[in-house]
Structures are given as structure tokens and as C-alpha cells.
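Given next are the chains, with one letter for each unit.
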Amino acid sequence: MQAAPSHPPARPFFLQAAPGKRFCLYHPPQGAARGMVLHLPAHAEEMNKSRRMVARQSRLLAQHGFGVLQLDLYGCGDSEGDAGDARWEIWRADVACALDWLRTQADIAPTLWGLRLGALLALDVAQQRSDLASLLLWQPVTDGAAYFTQFLRLKLAADMLAAGKGEAGGVDALRRRLAGGATLEIAGYALAPALAAAIDAVALAGMAAPPCPVHWLDLTPQAGRGMPQARAAAAARCAEQGWQLSTQTVQGPAFWSSQEIAEAPTLLNASLALLAGETA
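What counts as what
- Residues numbered from 1 in each chain as written.
- Predicted model: local features only at pLDDT ≥ 70, side-chain atom pairs only at ≥ 80, totals over all residues.
- Heavy atoms only, no water.
- Helix = DSSP H or I, 4+ residues; strand = E, 2+ residues; numbered from the N terminus.
- Buried < 20%, exposed > 50% of the residue type's maximum accessible area, 1.4 Å probe, protein only.
- Core = buried A, V, L, I, M, F, W, Y, C linked by side-chain atoms within 4.5 Å.
- Contact = heavy atoms within 4.5 Å.
- Axes fitted to C-alpha atoms, helices over the stretch in contact; angles between N-to-C directions.
- Left-handed = near helix turned anticlockwise from the far one by under 90°.
- Nonpolar A, V, L, I, M, F, W, Y, C, P; charged D, E, K, R; others polar.
- Salt bridge = Lys/Arg side-chain N within 4 Å of Asp/Glu carboxyl O.
- Arc of directions from axis to C-beta.
- Pairing = 2+ DSSP bridges.
- Right-handed = clockwise from strand over helix to strand, strands pointing away.

**Let's talk about unusual backbone geometry**
Look at the link from A18 to P19: it is a cis peptide, with omega at 0°. By the element assignment, P19 lies in the loop between β1 (11–16) and β2 (21–27). If you check the backbone angles, Q139 has positive phi at about 45° while not being a glycine. By secondary structure assignment, the location of Q139 is in the loop between β6 (134–138) and α4 (144–163). Residue classification places Q139 among the buried positions, given a relative accessible area of 10%. One non-glycine residue, A187, lies in the positive phi region at around 55°. For A187, the location among the structural elements is in the loop between β7 (184–186) and β8 (189–191).

Put into C-alpha cells, the structure is as follows:
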């Protein structure tokens, strides 16, 4: 699917929220709006590694008639607040505030487009809303506890490199420190106990079916390969619980975690095709 030759420039602004302001980048639709999309980013360094892909997807969607709002959550990116003050409930409120703003641009049911932990946040938010057109999930985190464990391992690895030894007791010891009220610094990001507990508790298992279609896109390094068994099983359980779920794997690198900035053009086109199909 080819992009249009030109498009209006993206508009950066700060959205008033509580507490403070959120940095946003709005890509207005080219021509009449056919849809509105709110992007919920990945967490911590995954967000930074994904900036280029998110920007490319946003421009491509805008060129085909979708207004796209990129949102930096509280304590993340260029928004106000420190990472150590971020809370899951504040992020949920950020999403609601951004959705309200999108409604001022066009009275169209919006799509939530989430990447990694942002996809899990999108699913959590969708539990309480009936005004969404769809969810577009890029490589969604399926279990907050498992994701959180991997995040803690980053600190163990960094400590090992810096001092030749990691935390005595490993991940369990780090969890105990958080449970005791300590804020940890992990890969340059402060993590407070309250946010850690919230991430630990959220998972696809047990979530009610979102009241809208859910498009789940995973990347695989080789063409023709399906989802890994554990992720396929998680998707199957969601379908059994009545989700309006479609899943698709496309070839491309894990750009959110690659050492160098990477791109996955097939993911861009697949996402456009899914959203354009809803408005055809």
C-alpha cells in the first residue's frame, strides 16, 4: 500500500492533565477524517527504541485519513513528572484525557493503538469504555508479572556489569525491596512500589472481552512463522472468552529491544490495512 506524496506537518503541544501536562504529537488526517487513533507507548527504554516506528506508522495513517495522537504518559518521555512518580491509575486518566481531546478534533469513535506495555494499558482502559472503535495491539505484553520480572533482570544485569555481582537473592530480593517501600532505579528509570505492584497485577488472563474488535499483531524474525506457543495459547484463551480477536504475525525485527534502531515496514502496512478495512 503506497503512501500519499505529502501530508500536513505533525503538531506538538502540551495537554493539560492531572497532575501537570502531557506532551503530545498530533498528526492531522489528510483529507476528510476516516478515523482517529491514540497511541499508547511502550515502557522505559522500549519507548525510546520504538520512536521511529511509531512516527512512521503515525505519518502513514495520517496520509490515509486517520488523525493520530502520540501521547507521552505521565513521568515518561517529554511529559511532566518524574518516572518515580508514575502510577498506573494516572496513566489510565491520561488516556481518558487524550481521548476527550481527540473527540474535539472529530466526533469519531477512536482506536487505541498500544505497543508492548502500552497495549496492556489499552486493554485495561477498554474494560471501562464503550466508545472505542477498536484496539490495535503491537506485540502486547500478555502478563504484567512476567514483563516485570524481565524488567527487574535488567537491573541485575547492569549491577553485574558495574560491580561484578548482582543483587543477592536475585529478582525475589528486588521484589522484596519494592514490597518494603523502596524505589528502584532500573536501566536509568526510577520505579516506585505502587507502579510495580500495578504492573505485576495486570494480565490478559481474567480480563473481560473488550467491547470492540481487537487486532493483535506480533513480529517474527522469519516469514511464515506463527506466534510462539505461549503467546498463541494466550490469544486462544482470549478468543475462547468471547473476544472479537484477530491475530496476525508479520516478519520484522523486535525494534523495541534491538541494540540499534530498527524498522519493520511490513508491520506498518499490516496495521494500515487493518484500520482501513474497518472504514472501507
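**A word on the environment of G81**
Residue position: G81 is located in the loop between β4 (66–71) and α2 (88–105). Considered as a pair, G81 and K21 are 60 residues apart in the sequence and their alpha carbons are 8.5 Å apart.

**With respect to the nonpolar core**
Nonpolar side chains tend to gather and get buried jointly when the protein is soluble and globular. Of all hydrophobic cores here, the largest spans 62 residues; its most connected members are L38, L69, W91, L112 and L135. Not counting chain neighbours up to four residues away, the residues in contact with L112 comprise L38, L40, V95, L99, A122, V125, L132, S134, L135 and L136. Counting 24 residues, the second-largest nonpolar core is a separate cluster that includes A42, L219, F255 and L268.

**Concerning the packing of helix α1 (residues 45–63) against helix α8 (residues 265–278)**
For the pair α1 and α8, the least separation of the axes is 10 Å and the interaxial angle reads 40°. The handedness of the crossing between α1 and α8 is right-handed. Touching M53, R56, Q57, L60 and L61 of α1 are P265, L267, L268, N269, S271, L272 and L275, all from α8. Among the residues forming the contact of α1 with α8, the class breakdown is eight nonpolar, three polar and one charged.

**Thoughts on the pattern of salt bridges**
Using the criterion set out here, one finds ten salt bridges in the structure. Close ionic contact of D72 with R51 constitutes a salt bridge, the shortest N to O distance being 3.3 Å. Remark: R51 occurs in helix α1 and D72 occurs in the loop between β4 and α2; sequence separation between them is 21 residues. One salt bridge connects E263 with R52, and the closest N-O pair in it is separated by 3.4 Å. With E263 in the loop between β10 (245–251) and α8 and R52 in helix α1, this pair connects stretches of sequence that are 211 residues apart. Relative accessible area serves as the criterion here: at 29%, E263 is assigned to the partly exposed category. Residues joined in a network through salt bridges with shared partners are R52, R56 and E263.

**Describing helix α6 (residues 193–201)**
Three or more residues of α6 are buried, namely L195, A196 and I199. Each buried residue of α6 sits inside an arc of 100° when the element is viewed along its axis, so together they form one side.

**Overview of the pairing of β6**
When a strand is regular, its side chains alternate between the sheet's two faces. Here β6 lies mainly inside the structure; five of its five residues are buried. On β6, burial covers both faces: S134, L136 and W138 on one face and L135 and L137 on the other are all buried. Two elements, strand β5 (residues 110–115) and β6, share five bridges in a ladder whose sense is parallel. Bridged to W113 within β6 is L136. This β-α-β element, β5 to helix α3 (residues 117–126) to β6, shows right-handed connectivity. One ladder, built from four bridges, connects β6 with strand β9 (residues 214–220); its direction is parallel. When the sheet's bridge partners are listed, L136 is paired in β9 with H215.

**Focus: the environment of L136**
As for its placement among the helices and strands, L136 is situated in strand β6. As for L136 and A254, which are separated by 118 residues in sequence, their C-alpha atoms are 17 Å apart. When neighbours within four sequence positions are excluded, L136 is seen to be in contact with T111, L112, W113, G114, H215, L217, S271, L274 and L275.

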